[in-house]
Amino acid sequence: MTTRASRPDLSVTLAGVHFATPIWTASGTAGTGEEIAAWCDTGKLGGMVTKSVSLEPRPGHPYPRTVETASGMLNAIGLQNKGIEAFIAEELPRLRQMPTRVIVNVVGWAIDEYAALAHRLTREEGIDALEVNLSCPNVSRGIDNGADPGWVGECTAAVRAATTTPIIIKLTPNTHDIASLARAAADHGADAISAINTLVGMAVNHNTFKPRLANITGGLSGPAIKPVALAAVYKIKKAVDIPVIGIGGIMSGTDAAEFLIVGASAVQVGTANFRHPDATTRIADELGAYLQSKGMTRVTDLIGRLEV
Ligand SMILES: Cc1cc2nc3c(=O)[nH]c(=O)nc-3n(C[C@H](O)[C@H](O)[C@H](O)COP(=O)(O)O)c2cc1C
């Protein structure tokens, strides 16, 4: 029988912040925690990443906004949120009470909006890092800017200048060269990179001849995108020296282990939360069991162990 003392140490430190485990929630998939808190011990979570928050409230796209496909999920929520002041007043106090790290994901229409959000959040207690969403595929300018290394560099520099909080730049996979985006972020002051956001996808109803999402196209997530995400982490790790957080289709402890082997220092779990609200804590337990099966006592022994 496993004793508590023999459990592997899952803790990781990145961007100067200590995380109890490398398993975090992914932005937009667990709200601000209360959606999953009834099902899982949030103390076992490394971090809770919030849904993207913008300066002004955003209503989001019309319904239907999500579709299940045979190989993953499509969503076009359109970054619906209450805006930064309501977030600080209503959500942040609840987040601060959670026994986990808090990572606030921010999104803007323009570079000065990103900088203003970073500046505003720096005044608030209880935020361990900012994740800067440069990658949403469901809003008109989301991809064009986020796929341009010049813009990624400029935006990273503006956010860097606006805050002392660690910044994680979240990249889009909807580009032919994700490594150059990562390099631009790293060169302009990013503390870490997270990858990937969703891939542009579409579903059509062959009876009505209509698109299944009101927005017509949306972002594909879930197991279908895991190979794309692993390749992205691999390419980014070769391009930059800062830590990478792997995201995309993680459903199990061994899925998480594969990202760590490729070089991720932590991972985020998204779509799995919709299927199983306890996914994150189960994945943390499974990762521990996997490490034990390999005779490893620390998760850090697994990071970057890829043999090519
Ligand atoms: C319903 C839904 C909403 C999302 N909202 C956001 C968001 O607000 N900001 C963001 O950066 N990513 C958002 N994402 C992307 C996820 O954080 C994650 O990058 C993506 O889903 C891939 O991970 P997964 O395959 O584990 O779901 C959203 C994903 C889904 C499925």
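In this text, all values refer to a predicted model and were calculated from it rather than measured experimentally.

Caption draft 1: Up close: the site of the ligand. Contacts to the ligand come from 24 residues, most closely from Ser 27, Lys 51, Gly 222, Gly 249 and Thr 271. One of the side-chain N or O atoms of Lys 51 is found 2.8 Å from an oxygen atom in the ligand. Within the backbone of Gly 270, one N or O atom sits 3.0 Å away from an oxygen atom of the ligand. Protein chains shield 97% of the accessible area of the ligand, which is 600 Å² for the free molecule. A per-class count over the shell around the ligand returns seven nonpolar, 15 polar and two charged.

Caption draft 2: Inspection of the packing of helix H2 (residues 84–97) against helix H3 (residues 111–122) at higher detail. Relative orientation of the contacting elements H2 and H3 amounts to 25 degrees, with a least axis distance of 11 Å. The angle between the axes of H2 and H3 places the two elements in the roughly parallel class. Seen from above, H2 lies across H3 with right-handed handedness. Between H2, through Ile 84, Glu 85, Phe 87 and Ile 88, and H3, the contact on the second element is made entirely by Leu 117, Arg 120 and Leu 121. Residue composition of the contact of H2 with H3, by class: five nonpolar, no polar and two charged.

Caption draft 3: Spotlight on the environment of Leu 230. By the element assignment, Leu 230 lies in helix H7 (residues 226–239). You can call Leu 230 buried: its relative accessible area is 18%. Each C-alpha atom, one on Leu 230 and one on Val 204, is 28 Å from the other, the two residues being 26 residues apart in sequence. Residues in contact with Leu 230, not counting those within four places in the same chain, are Glu 258, Phe 259 and Val 262.

Caption draft 4: A look at helix H5 (residues 149–162). With 14 residues, H5 ought to run about 20 Å at 1.5 Å a step, and its terminal C-alpha atoms sit 20 Å apart, in line with that. Capping the start of H5, Asp 148 holds a side-chain oxygen 2.9 Å from the backbone nitrogen of Gly 150, two or three residues further along.

Calculation rules
- Residues numbered from 1 in each chain as written.
- Predicted model: local features only at pLDDT ≥ 70, side-chain atom pairs only at ≥ 80, totals over all residues.
- Heavy atoms only, no water.
- Near = heavy atom within 4 Å.
- Polar contact = N/O pair within 3.5 Å; in protein donor to acceptor, adjacent residues only side chain to side chain.
- Areas by Shrake-Rupley, 256 points an atom, 1.4 Å probe, with all protein chains shown as cover.
- Nonpolar A, V, L, I, M, F, W, Y, C, P; charged D, E, K, R; others polar.
- Axes fitted to C-alpha atoms, helices over the stretch in contact; angles between N-to-C directions.
- Helix = DSSP H or I, 4+ residues; strand = E, 2+ residues; numbered from the N terminus.
- Parallel < 35°, antiparallel > 145°, perpendicular 65-115°, else oblique.
- Left-handed = near helix turned anticlockwise from the far one by under 90°.
- Contact = heavy atoms within 4.5 Å.
- Buried < 20%, exposed > 50% of the residue type's maximum accessible area, 1.4 Å probe, protein only.
- Expected span 1.5 Å × (residues − 1).

Read these as layout, nothing more, since geometry by itself doesn't imply function.
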